[in-house]
Every structure is written in structure tokens, then in C-alpha cells.
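# Inside the fold
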Amino acid sequence: MLGDDAELTAAVLAAQDGNETAFRTVYRAVHPRLLGYVRTLVGDPDAEDVASEAWLQIARDLDRFDGDADRFRGWAARIARNRALDHIRMRGRRPAIGGDETELTGKAGESDTAGEAIEALATDHTLSLIARLPQDQAEAVVLRVVVGLDAKTAAETLGKRPGAVRTAAHRGLKRLAELLGEDPESTGGLDALPPQREPRGRAVTSASVTHLRARTQKDM
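Calculation notes
Residues numbered from 1 in each chain as written. Predicted model: local features only at pLDDT ≥ 70, side-chain atom pairs only at ≥ 80, totals over all residues. Heavy atoms only, no water. Helix = DSSP H or I, 4+ residues; strand = E, 2+ residues; numbered from the N terminus. Buried < 20%, exposed > 50% of the residue type's maximum accessible area, 1.4 Å probe, protein only. Contact = heavy atoms within 4.5 Å. Areas by Shrake-Rupley, 256 points an atom, 1.4 Å probe, with all protein chains shown as cover. Expected span 1.5 Å × (residues − 1). Salt bridge = Lys/Arg side-chain N within 4 Å of Asp/Glu carboxyl O.

Below, the discussion takes up the overall build of the protein. The number of helices and strands found in the protein is 10 helices and zero strands. Its helices and strands in sequence order give the protein the pattern α-α-α-α-α-α-α-α-α-α, from N to C terminus. The proportion of buried residues among the 220 residues of the protein is 50%. Of all intrachain contacts in the protein linking residues separated by at least 6 positions in sequence, the fraction that spans at least 24 positions is 75%. If you sum the accessible surface of the protein, you get close to 10900 Å²; carbon and sulfur atoms cover 48% of it.

Structure representation (C-alpha cells):
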């Protein structure tokens, strides 16, 4: 384990011991990508609220987590996905799922396409294009490329087989490249995307989540 993953793993462990600075480090490392994932599920208007709900649960249940950085990202993504689906059910809306997902099972992609894409897919403009993909492809692309999960962890998050996730990501990235090529705001496809930036708007802050974590621990 090297670099950022090692640092995130250490920060998670310290946060579990009650280190508030470490929890803020975890939040800053994971939140932008997690918010990007939530946006693909519920859209921009509700994404901040759903992400905030997810972080409240992450803060409350952190002591129960066991694993390294990659497992933490997958665990956080599962929580965010569950909160997003609850939100969709409450609002009486369902995500538009394109195609028959059963055709993906047991059918691996030609290559691990998601691993070849750059993390700049977390830009607001490109996330809006990802949202135009079929739901299975959009989730696979965001979990693999933006959140940074490997195929096994992404598959666990979605309740699918790793081969199905690889194939969905492969197809999604291929279609995304086509959309970028058609879009006048893009300047040359995936390779020309700008670097990832922090999301704007009314995002819950790490300090407020840390405060709520302390409060929820007292309430447990």
C-alpha cells in the first residue's frame, strides 16, 4: 500500500480512535468523489443533502468499519448509494436504467477500461454527461474512475459480479468518449479534461460532520 491509500488508511484508523483532525482528513479525501457518485443517482438539486445524510451515517458507524482505504471507499459508497435509493423511493422517482443488465453477467470487458481513464471525470461538466449514460454504466464508471474502487469492491457496492462491472464501465467509458466528442464544451475527449476540482455549493463541511460525529456518538 503506497501514497494516498496508506495515508487514508492511517487517517481512518486514527478517526476511529476519536481523532477529529484525522476524520476531517478522511472527509476531505473522500467527499468530492462520493458527492460525484451521489449526483449520478439523484441529480444536482438533491445531491448535497443526500451526501450529508451519508456522512452522518458514516460518522455514526465508523467504529464498526474494518479494512483499508479501498474498503473504506467501498463502504462509504454503499452507504451513499443506500441513502440515495431511499431518497429516490421517498420522492417517488426511480433512476432510469438503460438496457437489460442480465446480459452483463459473466461477460467481462476486453480490458479494464476504467483503470485507463483519468480521475478528471469528477468535473461538474463531465459528471453531467455521465448522468446521460444508462444507470448501470453511469454507476460503474463513477465507482471505478471517480471514486477509485477496484472491480471487486465496486461489484460488492452494486451487488453484481466484477465482470459485469468491468463490462458496464467499458461500455460507459466508450459512450462517454463519444459524448465528449460530440460536445462543443469538450476540447478533445477524455485526454483533454481539466483536473478535478472541489464541488461548489452548499456542501456539508468536514467541521460540521466532525461535530455531528461527536454528537451521534453521545447519542448511541
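Now for the environment of Val 42. Tracing the backbone shows Val 42 in helix α2 (residues 20-42). Val 42 gets classed as buried once you look at its relative accessible area, which sits at 7%. Measuring from C-alpha to C-alpha, the distance between Val 42 and Leu 85 comes to 8.3 Å, with 43 residues separating the pair along the chain.

Another point: helix α7 (residues 135-146). With 12 residues, α7 extends 15 Å from end C-alpha to end C-alpha; this agrees with the ideal 16 Å at 1.5 Å per step. In terms of residue burial, α7 counts as a mostly covered element, since 12 of its 12 residues are buried. Looking only at α7, the buried set comprises Gln 135, Asp 136, Gln 137, Ala 138, Glu 139, Ala 140, Val 141, Val 142, Leu 143, Arg 144, Val 145 and Val 146. One or two positions beyond α7, positive phi appears at Gly 148, with a value near 90°.

Turning next to the environment of Asp 136. Relative to the elements of secondary structure, Asp 136 occurs in helix α7. Residue Asp 136 is classed as buried on the basis of its relative accessible area of 6%. Along the primary structure Asp 136 and Leu 158 are separated by 22 residues, whereas in three dimensions their C-alpha atoms are 9.0 Å apart.

It is worth spelling out the pattern of salt bridges at this point. Within this structure, the stated rule accounts for eight salt bridges. Note that Asp 61 and Arg 60 form a salt bridge whose closest N and O atoms lie 3.1 Å from each other. A relative accessible area of 8% means that Asp 61 is categorised as buried. Judged by relative accessible area, Arg 60 falls into the partly exposed class, the value being 36%. Glu 178 is the partner of Arg 175 in a salt bridge, and the nearest nitrogen-oxygen pair spans 3.0 Å. Remark: Glu 178 and Arg 175 occur in helix α9 (residues 162-182); sequence separation between them is three residues, near one turn of the helix. On the accessibility criterion, Glu 178 (35% relative accessible area) is partly exposed. Connected via shared salt-bridge partners are Asp 5, Asp 70 and Arg 73.

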